[in-house]
Each structure stands twice: as structure tokens, then as C-alpha cells.
Amino acid sequence: MTRAAAPSAGFCSTVVSGWWLSFPISPEPFSWCCCSCYHRRRLLCWIMVCFRLFRVPDSGLVLFCLVLGAVSSYALELNLTDSEKATCLYAKWQMNFTIRYETTSKNYTTVSISDDGNATYNGSICGDHQNVSKISVQFGSGFSWIVNFTKEVSTYSIHSISFSYDTSDNTTFPDAKEKGLFTVNDIVAFGIPLNDIFRCNSLSTLEKNDVLQHYWDVHVQAFVQNGTVSTKEFLCDKDKSLTTVVPTTVPSPTTTPTPKEKPEVGSYSVNNTNGTCLLATMGLQLNITQDKVASVININPNTTDITGSCHSQTALLRLNSSNIKYLDFVFAVKNENRFYLKEVNISMYLVNGSVFSIANNNLTYWDAPLGSSYMCNKEQTVSVSQAFQINTFDLRVQPFNVVEGKYSTAQDCSADDDNFLVPIAVGAALAGVLMLVLLAYFIGLKHHHAGYEQF
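Residues numbered from 1 in each chain as written. Predicted model: local features only at pLDDT ≥ 70, side-chain atom pairs only at ≥ 80, totals over all residues. Heavy atoms only, no water.

Draft legend 1. Summary view of the overall build of the chain. For the chain, the helix and strand inventory stands at 2 helices and 30 strands. A burial count over the chain gives 42% of its 455 residues as buried. At a minimum sequence separation of 6, the contacts of the chain that also span at least 24 residues come to 52%. (Helix = DSSP H or I, 4+ residues; strand = E, 2+ residues; numbered from the N terminus. Buried < 20%, exposed > 50% of the residue type's maximum accessible area, 1.4 Å probe, protein only. Contact = heavy atoms within 4.5 Å.)

Have a look at this one:
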């Protein structure tokens, strides 16, 4: 590795294929900066962390930079080399964690951990016949994640996975009842042929002791032979089911998704310095159509993370989970006296590993007066696009003017139906009055002509 000076504090720069690239980093300058390694289109930061320019469909090139935190994609990549600078362990993957803990008020709450922007890889080792190979990742405030690999004659195994977190961090675990370091160990013991790279794009889950671990887009090869990462893939069972099913004919119409049960209703809230500023209660069901195949996905509020923001004219509720990068509900104020759902954005991973993204900032749903909430117990559909709709159940939202963390008086969606019927009723009544006036006019006109004839 070579030592390089950044052009200014807080930036890391290098030259790639004749292009000078500069990337923002944290306010503290790193003593080691970027240099080229292993491949011209890959950059190395810190000691073991390699970065690569990935081509994303419809998005051009995206740079995943973990130590510098340039992109919040949660993608990690490690290219570990031995003393002869030959690759001995390669891994690329994505992960996040949901931790449930008890608060001092004897309630349980969850926190989602997915910010790997400042990850380090201290303690990662190549291993040999006598010793295990290991990926060791440190990130955030006291989080560590370790995977141990063992080697046999013709196979290697993902032997165990451990995850540690420290509830003494009041920022991440506010009001935690038990303070200290906790570690969750899972024995995996999954065997892979020695010269194959393991691939699992599908979502994998480990759950133990109030910790839910999610992994996807996994590519890993331990004990790399002759310094060359294999191109022969060993697939996980979920990926096998995706790649072996070949339809005999391509359906021309859109396939109808299998109906799903009603989704669980979740309660969501957003806080600012003044307390709770947004409330939402709803069951959410996503209807997605891609490549003429429709699917229905129910949102599980128990594994969903909530963030957002509140401003005088707009408010944001953002939901994310292991497979949903973000699902945004953006509310706006109109005419200074009403609010409505103006925008919905989504980006999520589908079962086949592809990314589904849709945005629409020209919606007009959930209209209600400021200072009140909007409620609709019946099923409603928010049509974001032809390819994406959201079914809502037992809905109630208040994105503005929340007082003491409670909903204000609700405007029910049945009022919308009533408001729709009122113009029809008024129009029908006016038409009836007009008919009576015209009828009376013609009758009077007929009598008038009859009088002239008698005269």
C-alpha cells in the first residue's frame, strides 16, 4: 500500500484509468488514503477494504466506498491478501440487524442497525489447514460481526457467525434497562466445494436472542486457491429455486398474484425536538408488477424501521426493512388549511435479487383539514403507478399539528363518499325544479293560447 495525500482535509483522491477521483470522507482526516490494487477499476481504502465501481441497471456506475462512507448502500466488499499479496479470502455482501431490547419503563422497543459507512476489518485472517479463516467487521458504536470458516480436504464451511452490540450506547439504545456488551452466536456449518464461490442473492435470516440478522447479495470464497477468485458458483437453496424454474411459455397477460391475508396493522410515529410530530396507523399491502408477473407483499410492522422528518409545509414518513431500502410517504399542506398525501417513493429488493424502484410526487390522497387526522377503516388503494399500488387497511394518519402525541378529531373517508354524493343530489334536485318550472311554463302557455282562441 502506498501513502497518499488528499487534496484537502476530509477528501480522499486517486487516479483511475486516467481520471482523478475525489471522495468525501469524515471530518477527521485518515492517515491512509486511496490507492489502486488488484484491478484497475478497484480502489483500496484503509488496509483490507476494496472498493469497486458496480454497474447498476438504469443507474450507471455506482461507487461503493465503505470506510469513506460515500454511499449509504450498505454493500461491503473485502479482498484479503496474504503475505505474498495473493488473494486468500474474498467477500461481498449486504446485511442489517434488528435488535429488540427492554427499556427502563419496562417496555420493549426495536432498533435497526444498517449503517456500515465506517466499517473496519481488523482481525480478518486468511487461515490455513490448521487455522480458521475469518472475516471480522467493526462498525458504528461498538458493533462487531465475525464469520469463521473451516477447511476440509475438498470443502470449506461457513462454520459460525457472531454479532456483538453494546447497549451502553445511549444514542443507539436510549433508556436501555440492561447496559453492557451482548453477543449472539449462530452455528451455521454450511459446506461449499473448495474452489467454488458461494452465492446467495436471496434474503437469508438468522434470529436468536432478540436479534434478527438479514443477509443478501452474498458472494464469498474462503481459502482462495492460487490467488484467483473462482468463477464457479455454488448457490444457496433459495437461489437454486430461482434459477432452475424455467417457464415453457412466456405469458402475454399479467399473471394474477395469489391473494394474501389482511396485513398486520402497525403504529408508526416520527419525533422532532418538540415531541411527536407525525402519527400513522395502518396495515400496508404492496402490489408490484414487473415483467408481467404480479406479486403481493404484506408489510410486517414488527420488523420495520421508522424514520422521518416534520416541517411546516411537508412531512415525511420513511419505512425500511431487510428487503425494503425505503418506502416514503410524503405529506404536504395545500391552501394553508388542508393536508394530503402528495408523494410516494419506494426502492426494494425483489425475490429474484433485482431492485424495484418507483416514485410519484403528484398524488392527491388522504385529504383532510389541518389540525385533524384522516381515517379510513375500509380497504383503500393508493395507485402510485401501473406497476405499483398500495392497499391500506384500518388507516389513520396525522402528519401535522400533533398535540401531546395523540390523534386529533378524524375526518373519515366515508365523508369523501358523502361529499361525492352531495353534488349529485343537489344537481338532481335542481334538475327536478327546472323540470317543474318548464312544465308549469308550458301548461300556462297552453292555457294562454286557449284563451285567445275563445276570444
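Draft legend 2. Structural context of the pairing of strand β12 (residues 155-166). Burial runs high along β12: 9 of the 12 residues are buried. Note: strand β11 (residues 143-151) against β12, 8 bridges, orientation antiparallel. The residue of β12 that forms the bridge with Asn-148 is Ser-160. Linkage of β11 to β12, two consecutive antiparallel strands, is achieved through a turn of 3 residues. Strand direction decides the pairing type here: β12 and strand β13 (residues 181-193), joined by 11 bridges, are antiparallel. Bridge pairing in β13 links Ser-162 to Asn-185. (Pairing = 2+ DSSP bridges.)

Draft legend 3. How the structure looks around the environment of Asn-226. One can find Asn-226 in the loop between β16 (211-222) and β17 (233-235). Spatially, the C-alpha atom of Asn-226 lies 7.5 Å from that of Ala-86, the residues being 140 residues apart in sequence.

Draft legend 4. Geometry of the nonpolar core. Ranked by internal contacts, the top residues of the largest apolar core, which has 42 residues, are Trp-93, Ile-135, Phe-139, Trp-145 and Phe-149. Per-element tally for this core: the top contributor is strand β8 (residues 87-102), with 8 residues. The residues contacting Ile-135, other than those within four sequence positions of it, are Leu-78, Leu-89, Ala-91, Trp-93, Ser-124, Trp-145, Ile-146, Val-147, Phe-149 and Val-220. (Core = buried A, V, L, I, M, F, W, Y, C linked by side-chain atoms within 4.5 Å.)

Draft legend 5. The packing of aromatic side chains, seen in detail. Within the structure shown, the criterion is met by 20 aromatic pairs. Look at Phe-339 and Phe-400: their rings are 6.3 Å apart centre to centre, the planes differ by 50 degrees, and that puts the pair in the tilted class. With Phe-339 in strand β24 (residues 338-349) and Phe-400 in the loop between β29 (388-398) and β30 (410-412), this residue pair connects regions lying 61 residues apart in the sequence. Residues Phe-339 and Phe-400 agree in their burial class; the two are buried. The rings of Trp-93, Phe-97, Tyr-101, Phe-139, Phe-143, Trp-145, Phe-163, Tyr-165, Phe-173, Phe-182 and Tyr-215 are connected pair by pair, giving a single aromatic cluster. Over the ring of Tyr-108 we find Arg-100; its NZ or CZ atom is 4.0 Å from the centre of that ring. (Phe/Tyr/Trp six-rings, centres within 6.5 Å; stacked < 30°, edge-to-face > 60°. Lys NZ or Arg CZ within 6 Å of the ring centre and 35° of its normal.)

Draft legend 6. Seen up close, the confidence of the model for the chain. Mean pLDDT over the chain stands at 77; residues scoring 70 or higher make up 74%. For residues 1-74, every residue scores under 50 in pLDDT, and the model assigns this stretch 152 contacts once sequence neighbours within four places are set aside. Contacts from residues 243-256, a stretch scored under 50 in pLDDT, to residues over four places away or in other chains number 11 contacts. (pLDDT = per-residue confidence, 0-100.)

Draft legend 7. Molecular detail of a nonpolar patch on the surface. On the surface, a cluster of nonpolar side chains totalling about 500 Å² of accessible area is made up of Leu-434, Leu-438, Tyr-441, Phe-442 and Leu-445. Within the secondary structure, Phe-442 sits in helix α2 (residues 413-454). (Patch = residues over 30% accessible without salt bridge, like charges linked within 9 Å, V, L, I, M, F, W, Y side chains within 5 Å. Areas by Shrake-Rupley, 256 points an atom, 1.4 Å probe, with all protein chains shown as cover. Salt bridge = Lys/Arg side-chain N within 4 Å of Asp/Glu carboxyl O.)

Draft legend 8. Local environment of the sheet that holds strand β10 (residues 133-139). With antiparallel pairing, 4 strands are arranged side by side in an open sheet as β10-β11-β12-β13. Here the strands that pair on one side only, and so sit at the sheet edges, are β10 and β13. With direction set aside, neighbouring strand axes in the sheet form an average angle of 10 degrees. (Axes fitted to C-alpha atoms, helices over the stretch in contact; angles between N-to-C directions.)

Draft legend 9. Local environment of the state of the cysteines. Going through the model one piece at a time under the given rule, you end up with 4 disulfides. A disulfide bridge connects Cys-88 with Cys-126, and the sulfur atoms are separated by 1.8 Å. Sign of the S-S torsion, about -55 degrees for the bond between Cys-88 and Cys-126, identifies this disulfide as left-handed. With Cys-88 in strand β8 and Cys-126 in the loop between β9 (108-113) and β10, this residue pair connects regions lying 38 residues apart in the sequence. Across the pair, exposure class does not vary: Cys-88 and Cys-126 are buried alike. One disulfide bridge connects Cys-277 with Cys-310, the sulfur atoms lying 2.0 Å from each other. On the S-S bond that ties Cys-277 to Cys-310, the torsion sits near 75 degrees, and the link is right-handed. Of the two residues, Cys-277 is situated in strand β19 (residues 275-290) and Cys-310 in strand β21 (residues 305-310); the sequence distance between them amounts to 33 residues. Residue classification places Cys-277 among the buried residues on the basis of a relative accessible area of 9%. (Disulfide = S-S within 2.5 Å.)

Draft legend 10. Main features of unusual backbone geometry. One non-glycine residue, Ala-189, lies in the positive phi region at around 50 degrees. Within the fold, Ala-189 resides in strand β13. Residue Phe-223 is not a glycine yet carries a positive backbone phi of 55 degrees. Inspection of the secondary structure assignment puts Phe-223 in the loop between β16 and β17. Using a relative accessible area of 5% as the deciding quantity, one classes Phe-223 as buried.

Draft legend 11. Focus on the pattern of salt bridges. Under the counting rule described, the total for this entry stands at 7 salt bridges. We note a salt bridge from Arg-100 to Asp-210, for which the minimum N-O separation is 3.6 Å. Linking Arg-100 in strand β8 with Asp-210 in the loop between β15 (204-208) and β16, this pair joins segments that are 110 residues apart in sequence. Its relative accessible area of 38% is what places Arg-100 among the partly exposed residues.

Draft legend 12. Main features of the pairing of β24. The element β24 is extensively covered by neighbouring structure, given that 10 of its 12 residues are classed as buried. Relative to β24, strand β23 (residues 324-334) runs antiparallel, the two being bridged by 10 bridges. If you follow Leu-327 over to β24, its bridge partner there is Ile-346. In this antiparallel pair of consecutive strands, β23 and β24, the connection spans 3 residues, and Asn-335 shows a positive phi of 55 degrees. By the bridge criterion, 6 bridges tie β24 to strand β25 (residues 355-360) in an arrangement that is antiparallel. Residue Met-348 lies in a different strand from β25, and its bridge partner there is Phe-356. Here β24 folds back onto β25, and the loop between the two strands holds 5 residues, one of which, Gly-353, carries a positive phi near 90 degrees.

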